[in-house]
Amino acid sequence: MRIGVVVGSVRKGRRGESVAAWVADAAKQREGVEVSIVDLAEFGVPILDAETLPMLAGKSYEDAGTQAWSDAIDECDAYVFVTPEYNHGVPGAFKNAVDSLGPEWVGKTVAFVSYGADGGVRATEQWRQIMVNFQMYDVRGFVALGLFSDFDESGFAPLERRTGELEAMLDQLTSLTEKLAA
Ligand SMILES: Cc1cc2nc3c(=O)[nH]c(=O)nc-3n(C[C@H](O)[C@H](O)[C@H](O)COP(=O)(O)O)c2cc1C
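Conventions and cut-offs
Each chain has its residues counted from 1, running along the sequence as written. Local features in this predicted model are restricted to residues of pLDDT 70 or higher, and side-chain atom pairs are both shown and tallied only at a pLDDT of 80 or more, whereas totals for entire chains, interfaces and linings draw on every residue. Side-chain numbers here rest on the full set of heavy atoms in the structure, without hydrogens or water. Nearness is defined per residue: one heavy atom within 4 Å of the molecule or strand is enough. We call two N or O atoms a polar contact when they sit within 3.5 Å, provided that within protein one can donate a hydrogen and the other can accept it, with sequence-adjacent residues counted only if both atoms are side-chain atoms. Areas reported here follow the Shrake-Rupley algorithm with a probe of radius 1.4 Å; residue values treat only the protein chains shown as occluding. By the convention adopted, Pro, Cys, Tyr, Trp, Phe, Met, Ile, Leu, Val and Ala count as nonpolar, Lys, Arg, Asp and Glu as charged, and the other residues, Gly among them, as polar. To define axes, lines are fitted to C-alpha atoms, for helices over the stretch in contact only, and angles between the resulting N-to-C directions are given on a 0 to 180 degree scale. In this description a helix means any DSSP run of H or I spanning at least four residues, a strand means any run of E spanning at least two, and both kinds are numbered starting from the N terminus. Just so you know how the angles are binned, under 35 degrees is roughly parallel, over 145 roughly antiparallel, 65 to 115 roughly perpendicular, and the rest oblique. Each helix crossing is assigned a hand: it is left-handed if the near helix lies turned anticlockwise from the far helix by less than a right angle, otherwise right-handed if that turn is clockwise. By the convention used here, residues are in contact when the closest approach between their heavy atoms is within 4.5 Å. UniProt positions are given in the numbering used here, feature names are shortened, and annotations may be inferred rather than shown by experiment. Stacked, tilted and edge-to-face pairs are distinguished by plane angle, under 30 degrees for stacked and over 60 for edge-to-face with tilted covering the rest, among Phe, Tyr and Trp rings (Trp via its six-membered ring) whose centres lie within 6.5 Å. Three labels apply to residues, based on accessible area from a 1.4 Å probe with only protein chains included: buried if under 20% of the type maximum, exposed if over 50%, partly exposed otherwise in between. If DSSP finds at least two bridges between two strands, the strands pair. Looking down the strands as they point away from you, a crossover is right-handed if its path from the first strand over the helix to the second goes clockwise.

K.L.:
How do you make sense of the site of the ligand when you look at a structure like this?
P.N.:
In the region of the ligand, 14 residues are neighbours, and Ser9, Arg11, Tyr86, Tyr115 and Ala117 sit closest. For the ligand, an oxygen atom lies 3.2 Å from a polar atom in the backbone of Gly16. Relative to its unbound accessible area of 610 Å², the ligand is 76% covered by the protein chains. For the shell around the ligand, a count of residues per class yields 5 nonpolar, 5 polar and 4 charged.

K.L.:
Where do I start with the packing of helix α3 (residues 92–99) against helix α4 (residues 121–131) in this structure?
P.N.:
Helix-helix packing is described using two parameters, namely the angle between the two axes and the distance between the axes. Between α3 and α4, the shortest axis-to-axis distance is 12 Å and the interhelical angle comes to 15 degrees. In terms of orientation, α3 and α4 fall into the roughly parallel class. In terms of crossing hand, the pair formed by α3 and α4 is right-handed. Facing α3, whose interface residues are Phe94, Lys95 and Val98, α4 presents Trp127, Ile130 and Met131. Tallied by class, the residues present in the contact of α3 with α4 amount to 5 nonpolar, no polar and 1 charged.

K.L.:
Sorry, what's going on with the UniProt feature "domain: NADPH-dependent FMN reductase-like" (unreviewed entry) in the protein here?
P.N.:
The UniProt feature table records "domain: NADPH-dependent FMN reductase-like" (unreviewed entry) at residues 1–146. Spanning residues 1–146, this segment combines 29% helix with 25% strand, and its end C-alpha atoms are found 30 Å apart.

K.L.:
What is the right way to look at the packing of helix α1 (residues 16–28) against helix α5 (residues 161–181) in this model?
P.N.:
Contact pair α1 / α5: the axes reach a minimum separation of 11 Å and the direction vectors enclose 60 degrees. It follows from the interaxial angle that α1 and α5 lie oblique. Considering how the two elements wind past one another, α1 and α5 form a crossing that is right-handed. Listed contacts from α5 to Trp22, Val23, Ala26 and Ala27 of α1 are Arg162, Thr163, Leu166, Glu167 and Leu170. Residues that form the contact of α1 with α5 fall into these classes: 6 nonpolar, 1 polar and 2 charged.

K.L.:
Sorry if this is basic, but what is going on with the packing of aromatic side chains here?
P.N.:
Pairs of aromatic rings are described using the distance from one ring centre to the other and the angle between the two planes. For the structure on display, the rule yields 12 aromatic pairs. Taken together, a centroid distance of 5.8 Å and an interplanar angle of 85 degrees make the contact between Phe81 and Phe112 edge-to-face. Of this pair, Phe81 sits in strand β3 (residues 78–84) while Phe112 sits in strand β4 (residues 109–116), and the two are 31 residues apart along the sequence. Classification of Phe81 as buried rests on a relative accessible area of 0%.

K.L.:
Help me out: how do you make sense of the sheet that holds β3 in this one?
P.N.:
Strands belonging to one sheet form pairs held by backbone hydrogen bonds; the direction of such a pair is parallel or antiparallel. Spatially, β2-β1-β3-β4-β5 is the arrangement adopted by the 5 strands of the open sheet, whose pairing is parallel. Looking at the sheet topology across the chains shown, the edges are occupied by β2 (34–39) and β5 (137–146). Averaged over all adjacent pairs, the angle separating strand axes in this sheet is 20 degrees, with direction ignored. Alignment of strand β1 (residues 2–7) against β3, held across 5 bridges, turns out to be parallel. In the strand pairing of β3, Val6 is matched with Phe81. Of the strands in this sheet, β1, β2 and β3 are in contact with helix α2 (residues 64–74), which crosses β2 at around 155 degrees.

K.L.:
Would you explain the pairing of β5 in this entry?
P.N.:
Along a regular strand, successive side chains alternate from one face of the sheet to the other. Bridge count for β4 against β5 is 7 bridges, and the pairing is parallel. Each residue of the ladder has a partner; that of Val110, found in β5, is Asp138. The handedness of the β4 to β5 crossover, carried by α4, is right-handed.

Spelled out as structure tokens, the structure:
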């Protein structure tokens, strides 16, 4: 299976890149798992203004950035969303990019690694509500990284227990993805 680790922040100096590398390194250790880091910042997905609804676009888009984003998402079987929390919710650029696609997401599995002052859990809980509209399957396991506990002046420094939380989440994600494929 291919897991897409999606970096959901496009901000200069973002924390999400190092978090995504940590998730990808752990996922790559698993037998039968291939990993893509899908970095939203690389695609330049524009604000959704296409007349055709993404769900009806047949995975074909006029905008080149959206098409590249679609191709990268489409080739994955499962996702880990690495998401910050912005103003108690999901980041706007990430939501716009998710809205810009349709069938690429449908029926797939997803797990969440969030970060924020309180672990970014409000963003994760909002994502769970959004994902259901794509008939996506989320797992209970999650990682919530605290800005004041899992980062220091040198950058990302996760607490020891985060490794176990990440592994438990990946166990659930891979197991659910295998079950659905069967
Ligand atoms: C627009 C904006 C809104 C934010 N709102 C929240 C928030 O509601 N809760 C929170 O815990 N952190 C909030 N933060 C702080 C972020 O958690 C912190 O800046 C984090 O590093 C953002 O992720 P990024 O660096 O990957 O972009 C906000 C940051 C930005 C830029």
